[in-house]
Structure formats: structure tokens, C-alpha cells
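Remarks on the overall topology
Chain by chain, the residues:
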Amino acid sequence: MANQSLQNEFRVVVENVLNRWTALRLAVEHGMGGPLGLNTAIELIDYVTSYCTENKNVDSIDLREVLEEIMDQEFETICEDDSTHEISNLLIKYLMKLKEGKLEEVHAELNLMTPCEKWIISGAKIKFKQMDDSSESEDDEANQEEMEVEPTPALSSTEINPSTGGSSTNFIEESIDPGWTPVKGRRRR
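The protein chain carries the name Pre-rRNA-processing protein TSR2 homolog in an unreviewed UniProt entry, which gives Anopheles sinensis as its organism. For the protein chain, the Function (unreviewed entry) comment in UniProt is given as "May be involved in 20S pre-rRNA processing."

Looking now at the side chain of threonine 53. Here threonine 53 lies in helix H3 (residues 37–54). Engagement of the side chain of threonine 53 in a polar contact is seen with the side chain of glutamine 7, the distance being 3.2 Å. For threonine 53, the side chain forms a polar contact with the main-chain oxygen of threonine 49, separated by 2.7 Å. Sequence-distant contacts of threonine 53, that is, excluding residues within four places in its chain, are made with Asn3, Leu6, Gln7, Phe10 and Leu95.

A positive phi angle is found at glutamate 76, which is not glycine, with a value near 50°. Within the secondary structure, glutamate 76 is located in the loop between helix H4 (60–75) and helix H5 (83–99). One non-glycine residue, aspartate 82, lies in positive phi territory at about 65°. Inspection of the secondary structure puts aspartate 82 in the loop between H4 and H5.

Cut-offs used in this document
- What you see as residue numbers is a count from 1 along each chain, following the sequence as written.
- For this predicted model, a pLDDT threshold of at least 70 governs which residues receive local features, and a threshold of 80 or more governs which side-chain atom pairs are given and counted, while totals over whole chains, interfaces and linings are taken from all residues.
- Values reported for side chains reflect all heavy atoms of the structure, with hydrogen atoms and water molecules removed beforehand.
- UniProt positions are given in the numbering used here, feature names are shortened, and annotations may be inferred rather than shown by experiment.
- Think of it this way: any DSSP run of H or I at least four residues long counts as a helix, any run of E at least two long counts as a strand, and we number them from the N terminus.
- Polar contact is the term for a pair of N or O atoms within 3.5 Å; when the atoms are in protein, one must be able to donate a hydrogen and the other to accept it, and sequence-neighboring residues count only if both atoms are side-chain atoms.
- In what follows, residue pairs with any heavy atoms lying within 4.5 Å of each other are defined as contacts.

What follows is the structure, encoded as C-alpha cells:
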């Protein structure tokens, strides 16, 4: 199958699969991709299509890592439901069938999938759902506070004598700083 023909056929597969991916849809609907989240999802279809068809030895592990990275960086979403694994396996399965020339088999399997709404299209209307951020109160939002960083004390060391009387080694115990810096708010007046 010619590369351009493979890309066109595989793009149809990618559109079908990604339009059914609940994690991606929820990320876009909840604004995790920002105001242009839908455009990013459209670009994701193009990127996955070209990534899979232009690389010679792409496998499901590589594709899963790419999907996880894109979901994390572009949509601030980590899929703990293992859906990136399922999506990557499905896409690679169809890619291999297309490379083997089993075009009719791929179309038949796509037609057997339950119909879904094609929401990843240019000009689609996405209903954004407001995130309930109950961690901030109205008072906190009204009074933006300056944050003051308090320096942490230096590491202290205490000399401890060993329990064996004949030993010539001195042990030094250090209290280890956990790496946290205390931050205190200071209200404006």
C-alpha cells in the first residue's frame, strides 16, 4: 500500500478510535486542553496518523508513551484507567492490517463498532463543564495574598560516640532536611 494511501486509510481509523476515547473527550470538555482543546484533539489525530505511518518500526509501547505524554502535556491529564494502552494496541492492530493490505477487513471491523458522535471535527461545538474547585473559598479569591518564603534552618550535625569502647571511628548523625520550604501567607492591608 502506497504511503499516501496508507496515511489516508489510517487517518480514518485514528478518527474512529479517538472519537470513542472517553478520556480525551472528558479532557476537552473540562477545559484541560485550554480554550483550544478541540484544536489540539484535531492535531492529535494528524500527529498520531503521521507518527504511525512515517515511522518504520512503531509498536504499541512507543505509541502508548506518545499518547501518555500528549495527554499529560497538552491536556494535563494522566489516564489511570489504562486506556492509553488499549488505544495504542487497537491503533497498531489496524495499522498492521492496513500494511498487510487487509483493507476490507479493517473497514468491516470499523463498521461493526457501535456508532458514535464524531466530535473531533473542525467547528464542532463542545459543551464545557465547569470544574468545581471547592478548595478555594470566595474570600481567598477576593484577597489575593502575597506569599512569603521562610528560609529553612541549616542542616545540624551532632557528634555521636560509638557504643564500642575500642573503636576509633567517630559517627556523625545529620538531621536530614525533607526538602520542604515552609510558606506563610501575608495579607495586604
